[in-house]
Amino acid sequence: MTFLFNSVVVLLLIVVLAAWVQLPWYGVLALAVVFAAWMALSRRGRQAASVTGVGISTLRQRSGSSSVVVIGIAGVVGVLVALLAMGEGYSETLRKTGSEDTAIVLRGGSASEVSSVLSNDNIEVIEQAAGVAHDKQGKPIASGEIVVAANLPVKGGAAGEEGSVQVRGVGEQALVLRPNLKIVAGRMFRPGMRELVVGQGAQRQFAGLQPGHEVKLGTQTWSVVGVFASGDAYDSEIWADANVIADTYRRGSSRTSVFVKLADAKALDTFKAALASDPRLQVDVDTTINYFSKQSEGMSKVMRIMGITVGSIMAIGAIFGALNTMFAAVAARAREIATLRAIGFRGVPVVVAVMLETMMLALLGGIVGGLLAWLIFNGWTASTLATGTTGQLAFTFKVTPALLWEGLKWALAIGFVGGLFPALRAARLPVTTALREL
Amino acid sequence: MKYFHLIWAALFRRKTRTILTLVSIAAAFLLFGMLDAVRISFDQAGKSANGAQRLQTGSKLSFIETLPQGLGEKIATVPGVKSVAYANWFGGAYQDPHNQVFTFAVSDNYIDQYPEVQVTDDARKTFANTRIGILVGDKLLEKYHWKIGDQIPLQSNIFPQQDGSKNWTFQIVGALHPTDQSVAFYGQIILMHWKYFDDAVMKGYNNGRVGWFVTRVKDVNQADQVAKAIDALSANSDHETRTQTEAAATASWMKQLADIGLIVGSIMGAVFFTLLLLTGNTMMQAVRERTSELAVLKTLGFSDRSVLAMVLAESVLLVVLGGVIGIALAAILIPGVSAGSGGFLNLPTVGANSWLLGIGLMLAIGLVVGTIPAWRAMRLNIVDALAGR
């Protein structure tokens, strides 16, 4: 009988948790309002409120064991939010790279810029295609760019330790195509010179990238003349004149990709159609914002799965910690609860009181954990070898409100499970046995 | 040891509490086991006795630049070099351009450089005689349900054939079986003939160039000198090289990929801090509940010190019991995780080192957690305790 009851409870629990995961914030709010109304208006609800009040007033005597619930859940939420913030920061960096009104053209079937090659003839055709915006002089706003990699010494690394950085050779119009990119120190490189401007992310990661310094790419010496900031994936790159880069890397007149400014928001289709109908070309076209967002998909999925796996295992530990604490709390108050039931309180208020107490502790834990994750990790800089690029991509952890909310939902779910079984035991314990205990 | 059953009985005095605590501890050590496996798989990559004999030579400029194939003959003449093989990146994808399969175009002796990757003699013979033959990693065969003898289409992200098509057809002639964790990567890749690749690729795309050389040295202790000598061959040319031991090269990649040590370390820090509190609370409760029983023990003549030892032993036993269950569970689950990740993660099973580290942590946590309750039990005054004061 007990077994049957327990299995039914477990089944219901799974259903409730599944629904909880799906519930949006306004659903939770509605639920909270309905619950508060029930507590304030119905007789049972008022009973539940008063039993909860008694429970909470005795919390201080149990502060040691109650803090186990709070800290256990804070640990889960803190780690979960931090790991998700890593994935969020990574995909955010790529997601805000590019814009709706610029397009990138790659050779057909290329997964990323670095594996694409476009000949000079192709590039001329692409620049003249319909849908490309023109500047005041009537020149198409387009930039044939070349993406390669360079090995540079890592800042703070051991002697001889080198990392890979993405190098982008750009045309004259590159800055027009990326209006959010600004030179923050020094100046832009001069066309035809062996000069580099470096992204502030790359500057943080690699040694010797200050304006005025010289660095070696392979056998050649380049001088760093400026630093740029864009707040997106370009921050991790270093830029130079496309012709000089092509020369250094023996690429002749070919380029890896072409960036163009579209005449207007609807011009993408015109542009696409124009390129598709040209027999000389076999290329893929996408808006730049789409292209960079897609690059982040695989990696951010992996990061998310990692966060949720670690979070789930920790949550199991925390649930059992909460169960332990609440069973002990219920056992300590067994006589008090039995007395309440003896004088006419029904099971529901008792169940609600115990669960409410656990969930309040859980909420507190969730807030503490989220806050800690935010304080410690928000803005933390990390880097990885991103898919589709040839260098390290620097990004900062982003603890967003959505992630904090997700953390709180996890906390409440843990509190719910951890409180349910002790609450049921409290309500189902025969009054006579409980009164005789101790 | 003679008190073991007494300690055991004390531990399971409150079954529910002990079991709930055990599950929490097990969850923490399950996580420890899995994260430690991740850390080790990052640490170990490229580190093996065979790996120490191999040098990798690539372009100094960056990993995407190529080198002339003829450099290999020069490298072979460097004193201390046993054999030289070379390979090129092919950029293969199966079915969808985004579904990448690591594919290398390799010299005929490439696989000789990797004695820890097993290929049957038959497979090697067929590979040598089949122009479009490929050797496929065993994990990859499983993943796509390919069989030996199958013809499969691969797209190259980079290289078109003479006719301009980027769809290549290959015939699977054998499997690569990595026998060591450090080369587990070879279970996930495809090797094709470099000669066929260089012949069949559209003119102007490869021009007899290779991506990197793999050199085996005669004496591991001379690896650094040999590496320097190899780099000296092309100094001041238009194809300067950078030669590293396989271990150093892999470590540098892994470090660029992610600072796994830091991530794993912070997670485990949070987990074990929480665990300390949780188990500490359980032990405090256990001792508080048993005050009178402990007093009885002392009345019977148990010394203060043996009471202290018993409570400490109980807490250590609790943590060790949960911890062993957790790590054992990790050992069972890890193969499933590796398989489930579709080859993305290649985790080693829980090794002796992880067990040792884990058990060390269990003992430490058990002792820390037991100290305060054990101290209390030791200082217990019989008269007060029995009177319930």
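Scoring rules and cut-offs
Residues numbered from 1 in each chain as written. Chains lettered and ligands numbered in written order. Predicted model: local features only at pLDDT ≥ 70, side-chain atom pairs only at ≥ 80, totals over all residues. Helix = DSSP H or I, 4+ residues; strand = E, 2+ residues; numbered from the N terminus. Rg over C-alpha atoms; globule rule 2.2 N^0.38 Å. Buried ≥ 20, exposed ≤ 12 C-beta atoms within 10 Å, placed from the backbone. Contact = placed C-beta atoms within 7 Å. Core = buried A, V, L, I, M, F, W, Y, C linked by C-beta atoms within 7 Å. Domains from an automatic or database assignment. Nonpolar A, V, L, I, M, F, W, Y, C, P; charged D, E, K, R; others polar. Axes fitted to C-alpha atoms, helices over the stretch in contact; angles between N-to-C directions. Left-handed = near helix turned anticlockwise from the far one by under 90°.

Digging into the overall build of chain A
Summing up its helical and strand segments, chain A has 14 helices and 12 strands in all. Compactness check: chain A gives a C-alpha radius of gyration of 30 Å against a globular reference of 22 Å for 438 residues, more than 25% above the reference. Referenced to the eigenvectors of the C-alpha coordinate spread, the extents of chain A come out at roughly 95 × 50 × 35 Å. Every one of the 438 residues in chain A was classed for burial, and the buried ones make up 49%. Within chain A, residue pairs in contact and separated by at least 24 positions form 83% of the contacts whose partners lie at least 6 positions apart.

Focus on the overall build of chain B
Each helix and strand in chain B was counted, giving 14 helices and 14 strands. In terms of overall size, chain B is more extended than a compact globule, its C-alpha atoms giving a radius of gyration of 30 Å where 389 residues would be expected to give roughly 21 Å. Over its C-alpha atoms, taken along the principal directions, chain B stretches across nearly 95 × 45 × 35 Å. For chain B, with 389 residues in total, the buried portion stands at 43%. Put simply, of all contacts in chain B between residues at least 6 apart along the chain, 81% involve residues at least 24 apart.

With respect to the nonpolar core
Counting residues in hydrophobic clusters, the biggest one holds 176 residues, and the most contacted among them are A:Ile414 and B:Leu31. In terms of nonpolar packing, the next biggest core, distinct from the first, is built from 53 residues, B:Leu71, B:Ala87, B:Trp168 and B:Leu191 among them.

Focus: the domain arrangement of chain B
Under the domain assignment used here, chain B contains domain 1 (4-45 + 259-387) and domain 2 (61-239). Placing the centre of domain 1 of chain B and that of domain 2 of chain B at their C-alpha centroids yields a distance of 48 Å.

Some remarks on the domain arrangement of chain A
Residue and element names in this part refer to chain A. Domain parsing of chain A yields domain 1 (15-95 + 296-436) and domain 2 (109-281). The C-alpha centroid of domain 2 is placed 48 Å from the C-alpha centroid of domain 1. Contacts between the two partners involve 11 residues from domain 1, matched on the other side by 18 residues from domain 2. Put simply, the parts of the chain that give the side of domain 1 that touches domain 2 at least two residues each are α4 (63-95), β11 (381-385) and β12 (392-396). Its residues assigned to classes, the side of domain 1 that touches domain 2 comprises three nonpolar, eight polar and no charged.

Brief notes about the interface of chain B and chain A
If you look at the interface, chain B gives 42 residues, while chain A gives 40 residues. Those elements that place two or more of their residues in the side of chain B that touches chain A are α2 (15-44), α9 (246-257) and α10 (260-289) of chain B. Ranked by residues supplied to the side of chain B that touches chain A, first place goes to α10(B) with 11 residues. In terms of residue class, the side of chain B that touches chain A is built from 21 nonpolar, 16 polar and five charged.

Some details on the packing of helix α10 (residues 288-332) of chain A against helix α13 (residues 401-428) of chain A
Residue and element names in this part refer to chain A. It is at 8 Å that the axes of α10 and α13 come closest, and there the two elements cross at 35°. In terms of crossing hand, the pair formed by α10 and α13 is right-handed. Contact residues: Gly311, Ala315, Ala318, Ile319, Ala322, Leu323, Met326, Phe327 and Val330 in α10; Trp410, Ile414, Gly415, Val417, Gly418, Gly419, Phe421, Pro422, Arg425 and Ala426 in α13. In terms of residue class, the contact of α10 with α13 is made up of 14 nonpolar, four polar and one charged.

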